[in-house]
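Chain by chain, the residues:
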Amino acid sequence: MKTSRHTRTADQTPRIRRTSTTQKPSRLRRGRRWIARRRSALIYNALRGAAYATGAGTIGLGFYLIQQQI
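Residues numbered from 1 in each chain as written. Predicted model: local features only at pLDDT ≥ 70, side-chain atom pairs only at ≥ 80, totals over all residues. Heavy atoms only, no water.

### Some remarks on the overall build of the chain
Stage number 1. Across its full length, the chain holds two helices and zero strands.
Stage number 2. Residues classed as buried in the chain amount to 0% of the 70 residues present.
Stage number 3. If you sum the accessible surface of the chain, you get close to 7500 Å²; carbon and sulfur atoms cover 57% of it. (Helix = DSSP H or I, 4+ residues; strand = E, 2+ residues; numbered from the N terminus. Buried < 20%, exposed > 50% of the residue type's maximum accessible area, 1.4 Å probe, protein only. Areas by Shrake-Rupley, 256 points an atom, 1.4 Å probe, with all protein chains shown as cover.)

### Structural notes on a positive patch on the surface
Stage number 1. A surface patch of like charges, here positive, comprises Arg29, Arg32, Arg33, Arg37 and Arg38.
Stage number 2. In this fold, Arg38 is placed in the loop between helix 1 (27–37) and helix 2 (39–69). (Patch = residues over 30% accessible without salt bridge, like charges linked within 9 Å, V, L, I, M, F, W, Y side chains within 5 Å. Salt bridge = Lys/Arg side-chain N within 4 Å of Asp/Glu carboxyl O. Lys, Arg positive; Asp, Glu negative; His and termini not counted. Charge placed at Lys NZ, Arg CZ, Asp CG, Glu CD.)

### Side note on a nonpolar patch on the surface
Stage number 1. Taken together, the side chains of Ile59, Phe63, Ile66 and Ile70 present a nonpolar region at the surface, about 490 Å² in accessible area.
Stage number 2. Here Ile66 shows up in helix 2.
Stage number 3. Taking the relative accessible area as the measure of exposure, Ile66 reaches 48% and is therefore partly exposed.

Listed below in structure tokens is the structure:
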């Protein structure tokens, strides 16, 4: 007789091993994993922010120099 997966007996049910790896990872480890997963996005946004800051600084310096000439 063939049993379906919904009618397994207790002997046929796979056991889940509980080891020390099932503990919740530390906050530092979770932070490192989060950064590792999003590293390319973080680098892209940092470079984009640096480009905006450079452009804004250049424009500001240009206007300052123009005001000094007037």
